[in-house]
Amino acid sequence: MIHHDLKLYNTLTRQTEKFVPLHPNLVGMYVCGPTVYSNAHLGNARTFISFDVVFRYLQHLGYKVRYVRNITDAGHLESDADEGEDKISRKAKIEQLEPMEIVQRYTIDFHQMMASFNALPPSIEPTATGHIIEQIEMTKQIMANGFAYESNGTVYFDVEKFAKDNNYTALTGRNLDDLLNGTRELSGQDDKRGRLDFALWIKAKPEHIMKWPSPWGEGFPGWHLECSAMSRKYLGEQFDIHGGGMDLAPTHHTNEIAQNIACTHHKTPVTYWMHTNMLTVNGQKMSKSLGNSFLPHELFNGSHPLLDKGYSPMTVRFFMLQAHYRSTLDFSNEALQAAEKGFARLMNAMKLIEHLKVGVSSTSNVQVLRENIYAALDDDFNTPIALSHIFEATRIINSVNDGKESITHEDKELLKKTLYEIVYQVLGLKEENAVNTDKIDGLMNMILEVRNEAKTRKDFSTSDLIRDKLKEIGFDIKDGKEGSKYSLIN
Ligand code: AMP
Ligand code: ZN
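Every value quoted in this text rests on a predicted model; they were computed, and no experiment measured them. (Residues numbered from 1 in each chain as written. Chains lettered and ligands numbered in written order. Predicted model: local features only at pLDDT ≥ 70, side-chain atom pairs only at ≥ 80, totals over all residues. Heavy atoms only, no water.)

### Overview of the coordination of the zinc ion (ligand 2)
So the rule is basically this: Counted as coordinating are nitrogen, oxygen and sulfur atoms within 2.8 Å of the metal, or 3.2 Å for Na, K and Ca, while water is not included, which may make sites look incomplete. Secondary structure elements are taken from DSSP: a helix is a run of H or I of four residues or more, a strand is a run of E of two residues or more, and numbering for both begins at the N terminus. Only protein chains enter the accessibility calculation, which uses a 1.4 Å probe; a residue whose area is less than 20% of its type maximum is buried, one above 50% is exposed, and one in between is partly exposed.
The coordination sphere of the zinc ion (ligand 2) contains the protein donors Cys32 (SG), Cys227 (SG) and His252 (NE2), at a distance range of 2.0 to 2.1 Å. When the donors of the zinc ion (ligand 2) are listed by position in the chain, the intervening gaps give C-x194-C-x24-H. You can see Cys32 sitting in the loop between β3 (26-31) and α1 (42-60) and its partner Cys227 sitting in helix α7 (residues 223-235), a full 195 residues away along the chain. Here the two residues Cys32 and Cys227 agree in accessibility, since each one is buried.

### Regarding the site of ligand 1
The following threshold applies: Whether a residue is near a molecule or strand depends on its heavy atoms: it is near if one of them lies within 4 Å of it. Polar contacts here mean pairs of N or O atoms no more than 3.5 Å apart (in protein, one a potential hydrogen donor and the other a potential acceptor; neighbouring residues in sequence count only if both atoms are side-chain atoms). All accessibility values rest on the Shrake-Rupley procedure with a 1.4 Å probe; residue burial counts only the protein chains present in the view. Amino acid classes used here: Ala, Val, Leu, Ile, Met, Phe, Trp, Tyr, Cys and Pro are nonpolar; Asp, Glu, Lys and Arg are charged; the rest, including Gly, are polar. As used throughout, domain bounds are those supplied by an automatic or database domain assignment.
Around ligand 1, a shell composed of 16 residues is seen, among which Gly43, Thr47, Asp247, Leu279 and Met286 lie nearest. Measuring from an oxygen atom of ligand 1, one finds a side-chain N or O atom of Asn44 at 3.1 Å. Backbone polar atom of Met286 to a nitrogen atom of ligand 1: 2.8 Å apart, as the coordinates give it. Within the complex, the protein chains bury 91% of what would otherwise be the 490 Å² of accessible surface of ligand 1. Those elements that provide at least two residues to the shell around ligand 1 are α1 and β11 (239-245). Residues that form the shell around ligand 1 fall into these classes: 6 nonpolar, 8 polar and 2 charged. Mapping the shell around ligand 1 onto the domain boundaries places at least three of its residues in each of domain 1 (7-276) and domain 2 (279-426).

### Quick notes on the packing of helix α2 (residues 87-95) against helix α3 (residues 99-116)
We count it as follows: In this analysis, axes come from line fits to C-alpha atoms, helices being fitted only over the stretch in contact, and the angle between any two N-to-C directions falls in the range 0 to 180 degrees. Here the word oblique covers every angle except those under 35 degrees (roughly parallel), over 145 (roughly antiparallel) and from 65 to 115 (roughly perpendicular). In what follows, a contact means two residues having at least one pair of non-hydrogen atoms within 4.5 Å.
Running from amino to carboxyl end, α2 crosses α3 at an angle of 105 degrees, the nearest separation of the two axes being 8 Å. With respect to α3, the axis of α2 lies roughly perpendicular. Only Pro99, Ile102, Val103, Arg105 and Tyr106 of α3 make contact with α2, whose side of the interface consists of Ile88, Lys91, Ala92 and Glu95. Tallied by class, residues from the contact of α2 with α3 come to 6 nonpolar, no polar and 3 charged.

### Here we look at the environment of Val31
With respect to the helices and strands, the residue Val31 is situated in strand β3. Given the relative accessible area of 0%, Val31 is considered buried. Separated by 211 residues in the primary sequence, Val31 and His242 place their C-alpha atoms 5.7 Å from one another. Filtering out sequence-adjacent residues up to four positions away, Val31 remains in contact with Phe48, Phe51, Tyr67, Val68, Arg69, Asn70 and Gly243.

### What about the pattern of salt bridges?
Rule in force here: Any Lys or Arg side-chain nitrogen located within 4 Å of an Asp or Glu carboxyl oxygen qualifies as a salt bridge.
Scanning the model with the defined rule gives 23 salt bridges in all. The residue Lys233 makes a salt bridge to Glu134 at a minimum N-O spacing of 2.7 Å. Pair noted here: Lys233 is in helix α7 and Glu134 is in helix α4 (residues 132-144), with a separation of 99 residues, a long-range link. You can call Lys233 partly exposed: its relative accessible area is 43%. Among the residues examined, Glu134 registers a relative accessible area of 22% and is labelled partly exposed. Here the salt bridges do not stand alone but share partners, grouping Asp52, Arg56 and Arg317 into one network.

Written as structure tokens, this is what we have:
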């Protein structure tokens, strides 16, 4: 058994609860992944970095975690209300590419972005197009249970029927009548019976590219269905944690729950629902449609017009961890600059701790500090509080290094172990060996000076050896009247 006090905020109960997995030592976690029709932006990154910390901390506590994060490569329409075109089909038409070329391009882009932020890959990354059969089967089951109907080749989930015996809005606590009143009234042209009904399977128009045969004709699955079908397939009819951005709770997740209950009759298919808050720009949600999104490379090289300069991926990860995942986080130059300084201080302390001199007593209580860090992470993954205790650790390290405080050998080892585990393994931060062009330049000029001295001594075998070796590495040396110059061979 794992002994700890992990508590997490459950959107479903609106309470912070003790974490008790369904099976001791095992955790099943599903997080809605990206829709791969365009480059993932930093808002998307925030959500996935938050769950990366959840994944890492659960593993650190000793759980065997099966983390499933899907790739949405079909079925996500332009509007969440089953209207408009499939986002991927639309992009494929605009770019005159196969939909799968779009999917491939942006899946690679997403993976590169996540790797640059040092996020661990999930245990399973299933795609919607790879699970069409499972989605058709689930639709059949929901129909057989009486919670869905077919109309003109499209299959709808019957929300009103479901809501008779189930709390359809359990996740958000909204009033069903208010929701009904706020939804567009049906016109004679609608195929669905109730205004809240949503599509499980959608009939494809003749021009639609991504379609599959089904008992109801050619079509494609609805967006909500893929997550129900894939979470059920890989994590079972009941599992521990389901996550995603807060914006997914009212529709996507609400419908996922309804589908799972209608299919399997389990009243609580998921024990804990976790939702991350939004990354904002000047207080507005960062989103592609609002045109205020930042792409990772624009941030790394500072090319975005709102930025003063570029910031490294670990600075950005650190910046994100300085806010709790359930709070909004606003993007600003000042906050990023502060994060850059804070991160550099932390990395410096991580290096200093190796060589700290030990004494006969400790001025600070390292054991308490360690407990404080764990208490913060156990309190709904409170990374900003954990970081504030980690900064107390850097203060201690600097003071001991300056000879103002002392630390025993045991405490130094405990502090080192704590920082290594928490900073590197749990928070997923790492030392960045930024290639510093000034330093390379200095190094090259030094080598050329040595070579020049060899030439002055008429030691041509040494000067030629240096030139040839540099060529092997990729530097071209040109000797001229004003001395030697180097350039990179491409
Ligand atoms: P999408 O690719 O649009 O389906 O979004 C992927 C994930 O990113 C979802 O969980 C969204 O809730 C999340 N997301 C989108 N915009 C933001 C944002 N500005 N801040 C945090 N998460 C976001
Ligand atoms: Zn989903």
